[in-house]
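Chain residues, written in single-letter form:
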Amino acid sequence: MADPFVLPLRPPKRPNPSSYSSSSTSSSSASSSSGRVPTASKRVAGIFQHWRIYVLDAKAQIYDLGKLRDMIKEGGGKLVGSTDEAEIVVSATNRWNRVLRWFSGKPPTMSIVRAEWVIESFSSGTLQPIAHYLVAPTGESAASAMPPPSGGPPPATAPVPVSADLSAQLDHRSAYAPERYHPLVCPNERFVEQLRVIKRERELDGDEVGVVSYGRAIACVKAFPKKIRRGEDLRGCGGVGEKIMALADEFLSTNRLEATERILEKESYRTRQQFARIDGIGPYRATALWNEGFRSLDGLIAAGKATERQVKLAEDFDLKIPRDEVTAIADVIVRHLRDAEPEAQCTICGGHRRGKPESNDIDIVFTHPEVDGERGLLKRLVASLQKSGFITDVLNFSDVNSRREGGGYRQSRSFDTLDKAFVVVRSCKETGTTHREQPIHRRVDLISAPCNRYWTAVLGWTGSTQFERDLRAYARKQHLRFDSGGITTRAPTREEVDLSFARSEADVLAVLGLPCVPPEGRNAD
């Protein structure tokens, strides 16, 4: 099926289409929208294995519930007789108020998925990510820009089960984040929040070793599947040592960390945090400015270290972006993208794709279906958005990939060489992106990728930071180098790995020998 986070544009064509099997996307979408149950054309045995599933007797005029149950049984699922026994409840309606009637008005504790999850898993022969089909409490689709099936990721507090097959592969004690599942909200979230403050101070101090150490520890705690009862519970988790276990014991005894409280009380920490939020400054420069004697934003402006415009933008960037506003802004950008290139494909990545209810910024990766067809597309898109007045500022623009001669791909030492533009857009009622009367500035990162590296770009820009850091580390273990722009062998050969066959992130991860943890399981920060 098509990724529900991919906007409704055509999938990329391949340099040699004859070498690939036809996609089932169109047939799946057609069957979903019509309500008809498809006939299985692939091996489906075991795809629902170990799940206890209940099918609500609702909207039978649209779906043949008997056939839905047959598909579940043929796929190895266990049909149960009541919602109380179920791990997953399948609903033919995505209206939350109707679903709630089956639970006497009380919020259900299991996952409620739309019938399309069964239909599309059965028709494709592959278990689809449950989180993409959850019935949201609002009863509305996650974004008007998304194709059916709509429903976005779950609310932050909703349980997101992992398929039985994937669970068998994942071990929360694994050394690398891509081998673990990291939910958006974990059972030990309060402890994680305390550790984040310590990690942030290490970033401001330029302590790279400390940043890596705390980053790995946070990821391990995020992946821990239950409440920590004592620090010793974390022993054996990759990235957790005696110090973190001692901090866990302290937190469990006092519900706080003394080190975190000391940091939050420091004027130097609060001021450097304020400086670091300004575009072009960052944590290291913020500390340098503190050491030079600067203590306020007004002081930075007076000394010419920052402009009033930069400070205003930083204030707006501090305000989180709700999911509906993310998709509304993406709608505007997609309209311009379609005008520039009707066959383009794009995906909203970042925290939005990982299921966050609010985002710090918006990351959109797009491609053109023809080889080299993406060259110059970013420049045309940005120009169109500027002309309309939607883009107010361009913070950074790089089209090094479009300007490079001879094709192929060359990895940079520090960052991928994909074309990218970091821009500021004007979000307000006038632009149709929010109900606010007064405009608010939102940061959007636009990334243009060649069609044969589109899925490495989606994988790289989905995050989280620690997930990507461990992904690169795992690639090194395989004597490969990964970034958002592709995979190469390591020095001295640095040969590009052919990814033209890739039709999903799973194909890219398979090259590295990794399972495909769904986006909502990559919240490792």
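The notes below deal with the structure included here. (Residues numbered from 1 in each chain as written. Predicted model: local features only at pLDDT ≥ 70, side-chain atom pairs only at ≥ 80, totals over all residues. Heavy atoms only, no water.)

A short note on the overall build of the chain
At step 1: Within the chain, the secondary structure is distributed over 20 helices and 13 strands.
At step 2: Relative to its full complement of 525 residues, the chain shows a buried share of 54%.
At step 3: For the chain, the share of sequence-separated contacts (at least 6 apart) that also reach a separation of at least 24 residues comes to 68%.
At step 4: Summed over all atoms, the accessible surface of the chain reaches about 23400 Å², with 48% contributed by carbon and sulfur. (Helix = DSSP H or I, 4+ residues; strand = E, 2+ residues; numbered from the N terminus. Buried < 20%, exposed > 50% of the residue type's maximum accessible area, 1.4 Å probe, protein only. Contact = heavy atoms within 4.5 Å. Areas by Shrake-Rupley, 256 points an atom, 1.4 Å probe, with all protein chains shown as cover.)

Considering the packing of helix α10 (residues 267–276) against helix α11 (residues 282–291)
At step 1: Packing of α10 against α11 leaves a shortest axis separation of 8 Å and a crossing angle of 125 degrees. Considering the angle they form, α10 stands oblique to α11. As for how α10 packs across α11, the hand of that crossing is right-handed. Across from E267, S268, T271, R272, F275 and A276 in α10, the residues of α11 making contact are G282, P283, A286, T287, L289 and W290.
At step 2: Taken together, the residues of the contact of α10 with α11 sort by class into six nonpolar, four polar and two charged. (Axes fitted to C-alpha atoms, helices over the stretch in contact; angles between N-to-C directions. Parallel < 35°, antiparallel > 145°, perpendicular 65-115°, else oblique. Left-handed = near helix turned anticlockwise from the far one by under 90°. Nonpolar A, V, L, I, M, F, W, Y, C, P; charged D, E, K, R; others polar.)

Some thoughts on the pattern of salt bridges
At step 1: Under the counting rule described, the total for this entry stands at 29 salt bridges.
At step 2: Between R202 and D207 there is a salt bridge; the shortest N-O distance is 3.8 Å.
At step 3: Under the relative-accessibility criterion, R202 is labelled buried at 18%.
At step 4: D207 sits in the partly exposed class, given a relative accessible area of 29%.
At step 5: One salt bridge connects R353 with E505, and the closest N-O pair in it is separated by 2.9 Å. Of this pair, R353 sits in helix α15 (residues 350–353) while E505 is found in helix α20 (residues 505–511), placing the two residues 152 residues apart along the sequence.
At step 6: Residue classification places R353 among the buried positions, given a relative accessible area of 1%.
At step 7: Linked through salt bridges whose partners overlap, the residues forming this network are E201, R202, D207 and K266. (Salt bridge = Lys/Arg side-chain N within 4 Å of Asp/Glu carboxyl O.)

Topic: unusual backbone geometry
At step 1: Of the consecutive residues G463 and S464, the connecting peptide bond is found in the cis state with omega at 0 degrees.
At step 2: Positioned with a positive phi, N255 is a non-glycine residue whose angle comes to about 65 degrees.
At step 3: In this model, H479 sits at a positive phi of 60 degrees, which is unusual for a non-glycine residue.

Structural notes on the sheet that holds strand β9 (residues 391–398)
At step 1: With mixed pairing, the five strands of this open sheet are ordered in space as β6-β8-β11-β10-β9. Two strands close off the open sheet at either side, each with one partner strand: β6 (345–348) and β9. The average angle at which neighbouring strand axes cross in this sheet is 20 degrees, direction not considered.
At step 2: For strand β8 (residues 362–367) and strand β11 (residues 440–448), the ladder comprises five bridges, and the chain directions are parallel. In the strand pairing of β11, F366 is matched with S448.
At step 3: On the sheet, helix α14 (residues 323–340) packs against β6, β8, β10 (419–427) and β11 and is oriented at approximately 50 degrees with respect to β11.
At step 4: Sheet strands in contact with helix α16 (residues 377–388) are β8, β9, β10 and β11, and its direction is about 165 degrees off that of β9. (Pairing = 2+ DSSP bridges.)

Quick notes on the environment of Y454
At step 1: Mapped onto the elements, Y454 comes out in helix α18 (residues 454–462).
At step 2: A relative accessible area of 0% means that Y454 is categorised as buried.
At step 3: Separated by 51 residues in the primary sequence, Y454 and E505 have C-alpha atoms spaced 9.1 Å apart.

Thoughts on the sheet that holds strand β1 (residues 52–55)
At step 1: In spatial order, the strands read β2-β1-β3-β4; together these four strands make up an open sheet with parallel pairing. Only two strands of the sheet have a single neighbouring strand rather than two, namely β2 (78–79) and β4 (111–114).
At step 2: As judged from the four bridges shared by strand β3 (residues 88–91) and β4, these two strands associate in the parallel manner. Bridging from a neighbouring strand, V89 pairs with I112 of β4.

Structural notes on the packing of helix α6 (residues 189–205) against α11
At step 1: Direction vectors running N to C along α6 and α11 enclose 70 degrees, while the axes themselves pass 7 Å from each other. As the angle between them shows, α6 and α11 are arranged roughly perpendicular. Across from R200, E203, L204 and D205 in α6, the residues of α11 making contact are P283, Y284 and T287.
At step 2: A per-class count over the contact of α6 with α11 returns three nonpolar, one polar and three charged.

Digging into helix α2 (residues 65–74)
At step 1: Of the residues making up α2, those classed as buried are L65, L68, M71 and I72. Burial along α2 is one-sided: seen end-on, the buried residues are contained in an arc of 115 degrees.
At step 2: In this structure, the buried side of α2 is in contact with β1, β2, β3 and α4 (115–124).
At step 3: With its phi angle positive at about 90 degrees, G76 sits one or two positions after the end of α2. (Arc of directions from axis to C-beta.)

Comments concerning the side chain of D393
At step 1: As for its placement among the helices and strands, D393 is situated in strand β9.
At step 2: At a separation of 2.5 Å, a polar atom in the side chain of D393 contacts the side chain of R309.
At step 3: Among the polar contacts listed, one links the side chain of D393 to the side chain of T392, at a separation of 2.7 Å. (Polar contact = N/O pair within 3.5 Å; in protein donor to acceptor, adjacent residues only side chain to side chain.)

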